[in-house]
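Close look at the chain arrangement
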Amino acid sequence: MSVWQLVAVGAVMLLGLVGVLVPGVPGQAIVWAAVLWWALTDPTPVAWGVLIGSTCVLLLNQALKAVLPSRRPRESGAPSGTLMAGGIAAIAGFFVIPVVGGIVGYVAAVYGVERVRLGSGAAGRASLKSVMRATGYSVLVELYCCLVVAGAWLGALVWG
């Protein structure tokens, strides 16, 4: 697979990660399609292993959606920019602090943005709790599953 194709697969995967944060965009399906594209054009055992593992992780995420509270962003009272900042910080945090950085980045960004917006730490914490109840858990789990898939793909490129 050429470098440009790998860049294109990475761009589609990044688009899928951002799509997880936007309601109505099937970000998870886009991430899986990027892995499928890579596995079909680079038919190595590592690529197929990543595709099978990705499929399992994303199917597990679909099963967890029934258990987690549904997304209700309007009920949280936070603007959509807060959720977007949390998602972007989760993506960055996942790669800065491997594995746990996604959670830390999401929670810290939502709290920070809400603290600045509302003007106090107590109001920021209350808003963080509201955001986590309304959207945070389901968004965080879906984003985290997609980040695991992206990390596996990146790991396969670097070490495979």
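Report follows, based on the coordinates.

Here we come to the nonpolar core. Grouped together as the largest cluster of nonpolar side chains are 35 residues, with contacts concentrated most on M13, L17, W38, Y106 and L143. Secondary-structure elements contributing two or more residues to this core are α1 (3-21), α2 (27-41), α3 (45-65), α5 (80-96), α6 (101-118) and α7 (121-159).

Taken together, F95, L154, L157, V158 and W159 make up a surface patch of nonpolar side chains, about 550 Å² in accessible area. Mapped onto the fold, F95 is located in helix α5. Taking relative accessible area as the criterion, F95 reaches 40% and is therefore assigned partly exposed.

Moving on to the packing of α5 against α6. The contact between α5 and α6 brings their axes to 7 Å, and the two run at 150 degrees. As the angle between them shows, α5 and α6 are arranged roughly antiparallel. Both α5 and α6 take part in a crossing whose hand is right-handed. Contacts from T82, L83, A85, G86, G87, A89, A90, G93 and F94 of α5 reach α6 at G101, G102, G105, Y106, A109, V110, V113 and E114. Counted by class, the contact of α5 with α6 contains nine nonpolar, seven polar and one charged residues.

Cut-offs used in this document
- Residues numbered from 1 in each chain as written.
- Predicted model: local features only at pLDDT ≥ 70, side-chain atom pairs only at ≥ 80, totals over all residues.
- Heavy atoms only, no water.
- Core = buried A, V, L, I, M, F, W, Y, C linked by side-chain atoms within 4.5 Å.
- Buried < 20%, exposed > 50% of the residue type's maximum accessible area, 1.4 Å probe, protein only.
- Helix = DSSP H or I, 4+ residues; strand = E, 2+ residues; numbered from the N terminus.
- Patch = residues over 30% accessible without salt bridge, like charges linked within 9 Å, V, L, I, M, F, W, Y side chains within 5 Å.
- Areas by Shrake-Rupley, 256 points an atom, 1.4 Å probe, with all protein chains shown as cover.
- Salt bridge = Lys/Arg side-chain N within 4 Å of Asp/Glu carboxyl O.
- Axes fitted to C-alpha atoms, helices over the stretch in contact; angles between N-to-C directions.
- Parallel < 35°, antiparallel > 145°, perpendicular 65-115°, else oblique.
- Left-handed = near helix turned anticlockwise from the far one by under 90°.
- Contact = heavy atoms within 4.5 Å.
- Nonpolar A, V, L, I, M, F, W, Y, C, P; charged D, E, K, R; others polar.

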